[in-house]
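Fold and geometry: a report
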Number of protein chains: 2
Amino acid sequence: MANKIVVALGGNALGKTPQEQIALVKNTAKPIVDLIAHGNQVILAHGNGPQVGMINLAMDTASRTEAKTPEMPFAECGAMSQGYIGYHLQNAIREELLERGLDKPVATVITQVVVDSEDEAFARPSKPIGAFYSKEEAEGMVRDKGFTMIEDAGRGYRRVVPSPLPVDVAEKETVKTLVDNGHVVITVGGGGIPVVRKGHGLQGVAAVIDKDFASEKIAEILDADYLIILTAVEKVAVNFGKENEKWLDRLSLEEAEAYIEEGHFAPGSMLPKVRAAMMFAASKKGRRALITSLEKAEMGIEGKTGTIIESL
Amino acid sequence: MANKIVVALGGNALGKTPQEQIALVKNTAKPIVDLIAHGNQVILAHGNGPQVGMINLAMDTASRTEAKTPEMPFAECGAMSQGYIGYHLQNAIREELLERGLDKPVATVITQVVVDSEDEAFARPSKPIGAFYSKEEAEGMVRDKGFTMIEDAGRGYRRVVPSPLPVDVAEKETVKTLVDNGHVVITVGGGGIPVVRKGHGLQGVAAVIDKDFASEKIAEILDADYLIILTAVEKVAVNFGKENEKWLDRLSLEEAEAYIEEGHFAPGSMLPKVRAAMMFAASKKGRRALITSLEKAEMGIEGKTGTIIESL
């Protein structure tokens, strides 16, 4: 059965160095290509936490040395991370496809995700990025650059940026055209380059869009059948790590909402995944979200494992 | 008259900082959109010399500080530069299109250009990249990393990489599909991420592919009508800067070859442009190459200025 599937891959699954990334994407490619080999159309979204953090840190550090490279805004660091990660991912997937005799093009589209400048997240930046600074340095950055800095228990001060919700995907027509023509597309890397509308233009903002929500948005736009959110575990659990831990095969929107209210899912971890899954399941009849591990993705689509979230 | 046009833009036209780049791409967008507004299909290729140099320098510098970010191979720096430059270019072009009521998608495709591992350029690396080092540092880099280092008159030692010829564009099907569907495509940024074939895979190499030759390659692949190579001057000249300086309206392949032999064109500057133009003109009857400035591109297509190279 051929489905259109958006797969959301975590940035932590991509390692911390280029060598690690090249090795890890080879593992990623196998289950992705399993899905493709069975006739599914696959769109790959991915996180970029460690990678954009590394790029931002390197740019920031070098700009304060004798090298005097220019300061690089965070949105531009995100654009760089899409090129860096996409290059490795597209190669690994393309190679795995060819190994199996599947001559399918694979492409990375530099993707901007539009957020609302009135999003309430801008009023309370919360996502830490980049290096640690001393109190004096941090005060200087607040004064000179208007950054929001928070103290991180014992490790110094760190910049925080807002995490607004995705409103639209600027390059959606490009992604659609490629998917419709049988290309495997890598898009909304790191949740997308965050931009706000300004007249006819788009302007980069220092923000981090949750990659699960960005994946959900592109899945809706593409009218996907499945949104697969990959995580370290095979299924979602309630009472995770406790005696009465229970792994869930299936979750209705009502059950998911009740579990969220009971505080079963960790913010910044399983919670955004469940929320994005619920949003997709609720967006149209027949749409299903699956939360599972990379290795179990295909078994999950076959209904054999993972946690399915759907509106009944 | 609608033509398919590959435009090759120099990296020097994109500035040295993100702020400069954002300002400069707005100027770039206008003549590009003029071409589009008159019904032409435009594919944009661009250089990345100053940009990949900056990224490479920042990555290299930061890796040798306390930040200890990982060392970044040169091919990965190229992938980052495609994201960084493409993000700004696609925004400026899209905004200019919308200002004129043209709702055309614009996309940056992360593009690898295949080179031959047997290319003789690999035997004589000549393109300097990155920072300057002391003699001792340079010797260490030769010993530990196998780099080729050359002394740069009085400024220290610098790494040099080979500049092989492009053989193929890995993402050509993606570029074709998008062009055929009316998208404006930004591709082969910086001459493309340089890769060699290895079994079914592609492997990044430390090299710089001349963006004029990479543009020529994608122009051939796309069966373009025109290759426009942008430069700082309106026309190609012989005896440039001398009393008997002569600006050329039209060049046959034979004339161009004769002028090259007479040493009229500077290596690393006008020479590769003329060579790439000749290669395109020679590749198929009716194909024309135009060397001119950004501002004069459209007048050039109309036959009113620039230097046209064609096989007669």
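Now for a description of the structure that goes with this document. (Residues numbered from 1 in each chain as written. Chains lettered and ligands numbered in written order. Predicted model: local features only at pLDDT ≥ 70, side-chain atom pairs only at ≥ 80, totals over all residues. Heavy atoms only, no water.)

Remarks on the overall build of chain A
Helix and strand counts for chain A stand at nine helices and 17 strands. Computed over C-alpha atoms, the radius of gyration of chain A comes to 20 Å, within 12% of the 20 Å expected from 2.2 N^0.38 for 312 residues, which places it in the range of a compact globule. Out of the 312 residues in chain A, the part that is buried amounts to 58%. Considering only residue pairs separated by 6 or more positions, chain A has 72% of its internal contacts joining residues 24 or more positions apart. Taken together, the 35 basic and 43 acidic charged side chains of chain A have centroids lying 1 Å from each other. (Helix = DSSP H or I, 4+ residues; strand = E, 2+ residues; numbered from the N terminus. Rg over C-alpha atoms; globule rule 2.2 N^0.38 Å. Buried < 20%, exposed > 50% of the residue type's maximum accessible area, 1.4 Å probe, protein only. Contact = heavy atoms within 4.5 Å. Lys, Arg positive; Asp, Glu negative; His and termini not counted. Charge placed at Lys NZ, Arg CZ, Asp CG, Glu CD.)

Observations regarding helix α4 (residues 135–145) of chain B
Residues and elements named next belong to chain B. Among all positions in α4, only A138, G140 and M141 are buried. Considered in projection along α4, the buried side chains sweep an arc of 160 degrees and stay on one side of the axis. Exposed side chains of α4 directed beyond 90 degrees from the buried face belong to E136 and R143. In this fold, the buried residues of α4 make contact with β5 (127–133), β6 (148–152) and β7 (156–161). Among the residues trailing α4, G146 stands out with phi positive, at a value near 75 degrees. (Arc of directions from axis to C-beta.)

What to know about the nonpolar core
One recurring pattern in soluble globular proteins is that nonpolar side chains are buried together. Grouped together as the largest cluster of nonpolar side chains are 90 residues, with contacts concentrated most on V274 and I309 of chain A together with V274 and I309 of chain B. Contact partners of V274 of chain B, with chain neighbours within four places excluded, come to V236, A256, I260, F265 and I291 of chain B. Counting residues in hydrophobic clusters, the runner-up holds 84 residues, among them V106 and I186 of chain A together with V7 and Y226 of chain B. (Core = buried A, V, L, I, M, F, W, Y, C linked by side-chain atoms within 4.5 Å.)

Considerations on the packing of helix α2 (residues 49–63) of chain A against helix α2 (residues 49–63) of chain B
Contact geometry for α2 of chain A and α2 of chain B: axes closest at 8 Å, N-to-C directions at 90 degrees. Of the possible angle classes, the one that applies to α2 of chain A and α2 of chain B is roughly perpendicular. In this structure, α2 of chain A uses M54, I55, A58, M59, T61 and A62 of chain A to contact α2 of chain B, whose residues at the interface are M54, I55, A58, M59, T61 and A62 of chain B. Counted by class, the contact of α2 of chain A with α2 of chain B contains 10 nonpolar, two polar and no charged residues. (Axes fitted to C-alpha atoms, helices over the stretch in contact; angles between N-to-C directions. Parallel < 35°, antiparallel > 145°, perpendicular 65-115°, else oblique. Nonpolar A, V, L, I, M, F, W, Y, C, P; charged D, E, K, R; others polar.)

So, the interface of chain A and chain B
Across the contact, 52 residues belong to chain A and 52 residues belong to chain B. Here chain A and chain B share an interface that buries about 4000 Å² over both sides, 68% of which is from carbon and sulfur atoms. Of all residues in chain A, the largest losses of buried area upon contact with chain B belong to Y87, I110 and H200 of chain A, amounting jointly to 16% of the total for that side. Our count for the chain A to chain B interface comes out at zero salt bridges. At the junction of chain A and chain B, the tally comes to 16 residue pairs in polar contact (both at pLDDT 80 or more). (Buried area = accessible area lost by both parts, 1.4 Å probe. Salt bridge = Lys/Arg side-chain N within 4 Å of Asp/Glu carboxyl O. Polar contact = N/O pair within 3.5 Å; in protein donor to acceptor, adjacent residues only side chain to side chain.)

Side note on helix α6 (residues 211–221) of chain B
Residues and elements named next belong to chain B. Counting buried residues in α6 gives nine out of 11 residues, a clear majority hidden from the surface. For α6, the complete set of buried residues consists of K211, D212, F213, A214, S215, E216, K217, I218 and A219. The N-terminus of α6 is capped by D210, whose side-chain oxygen sits 2.7 Å from the backbone nitrogen of D212.

Thoughts on the relation of the copies chain A and chain B
Placing chain A over chain B gives an RMSD of 0.0 Å and needs a rotation angle of 180 degrees, together with 0.0 Å of translation along the axis. Taken together, the rotation and translation relating the two chain copies correspond to the operation of a two-fold axis. Residue M80 of chain A, judged by its C-alpha, is the member of chain A lying nearest the rotation axis, at 2.1 Å. Both copies share a contact surface, since 100% of the interface residues of chain A are interface residues in chain B too. (Least-squares fit on C-alpha atoms with pLDDT ≥ 70 in both.)

Overview of the sheet that holds strand β12 (residues 226–230) of chain A
All names here are of chain A. Read from one edge to the other, the open sheet built from eight strands follows the order β3-β9-β2-β1-β12-β16-β17-β15, with strand pairing classed as mixed. Sheet topology places β3 (106–108) and β15 (250–252) at the edges, where each strand pairs with a single neighbour. Sheet twist, expressed as the mean angle between neighbouring strand axes with direction ignored, is 20 degrees. Two strands pair when backbone bridges link them, and strand β16 (residues 288–292) and strand β17 (residues 307–310) are joined in this way by four bridges, in the antiparallel orientation. Of the residues in β17, the one forming a bridge with I291 is T307. Strands β1 (4–9), β2 (41–46), β9 (184–187) and β12 of the sheet are contacted by helix α6 (residues 211–221), whose axis makes an angle of about 170 degrees with β1. (Pairing = 2+ DSSP bridges.)

Structural notes on the side chain of K4 of chain B
All names here are of chain B. Within the secondary structure, K4 sits in strand β1 (residues 4–9). Buried and unpaired, K4 has D180 as its nearest opposite-charge partner, separated by 4.5 Å. At a separation of 2.8 Å, a polar atom in the side chain of K4 contacts the main-chain carbonyl oxygen of L222. Not counting chain neighbours up to four residues away, the residues in contact with K4 comprise Q41, I43, V179, L222, D223, A224, D225 and Y226.

A short note on the sheet that holds strand β10 (residues 193–198) of chain B
The strands making up a sheet associate through backbone hydrogen bonding, with each pair oriented either parallel or antiparallel. Residue and element names in this part refer to chain B. Taking strand neighbours across the sheet as the criterion, the four strands line up as β8-β4-β10-β11 in an open arrangement whose pairing is mixed. Only two strands of the sheet have a single partner each, and these edge strands are β8 (166–169) and β11 (201–204). Across this sheet, the average inter-strand angle for adjacent strands is 45 degrees, counted without regard to direction. The pairing of strand β4 (residues 112–115) with β10 spans three bridges and is classified as parallel. Bridged to V114 within β10 is V195.

Concerning the packing of aromatic side chains
All names here are of chain A. Scanning the entire structure with this criterion turns up two aromatic pairs over all chains. Here the aromatic rings of F240 and W247 are separated by 6.1 Å at their centres, their planes lie at 85 degrees, and the arrangement is edge-to-face. Of the residues examined, F240 reaches a relative accessible area of 52% and is grouped as exposed. Seen from the ring of F147, R159 lies directly overhead, with NZ or CZ sitting 3.5 Å from the centre. (Phe/Tyr/Trp six-rings, centres within 6.5 Å; stacked < 30°, edge-to-face > 60°. Lys NZ or Arg CZ within 6 Å of the ring centre and 35° of its normal.)

Some details on unusual backbone geometry
One can expect most non-glycine residues to show negative phi and most peptide bonds to be in trans. At K68 of chain A, a residue that is not glycine, the phi angle is positive and equals roughly 45 degrees. Mapping K68 of chain A onto the fold places it in the loop between α2 and α3 (74–99). A residue is classified by how much of its surface remains accessible, and K68 of chain A, at 66% relative accessible area, is exposed. We note that V188 of chain B has phi near 40 degrees; this positive angle belongs to a residue other than glycine. With respect to the helices, strands and loops of the structure, V188 of chain B is situated in the loop between β9 (184–187) and β10.

Quick notes on the pattern of salt bridges
Residues and elements named next belong to chain B. Scanning the model with the defined rule gives 45 salt bridges over all chains in all. E71 is paired through a salt bridge with K145; the nearest N and O atoms lie 3.1 Å apart. Of this pair, E71 sits in the loop between α2 and α3 (74–99) while K145 sits in helix α4; the two residues are 74 residues apart in sequence, bridging distant segments of the chain. Judged by its relative accessible area of 36%, K145 is partly exposed. The shortest N-O distance in the salt bridge between R250 and E310 comes to 2.2 Å. Of this pair, R250 sits in strand β15 (residues 250–252) while E310 sits in strand β17 (residues 307–310), and the two are 60 residues apart along the sequence. Since its relative accessible area comes to 10%, E310 is described here as buried.

In short, shape yes, function no, at least from these values alone.
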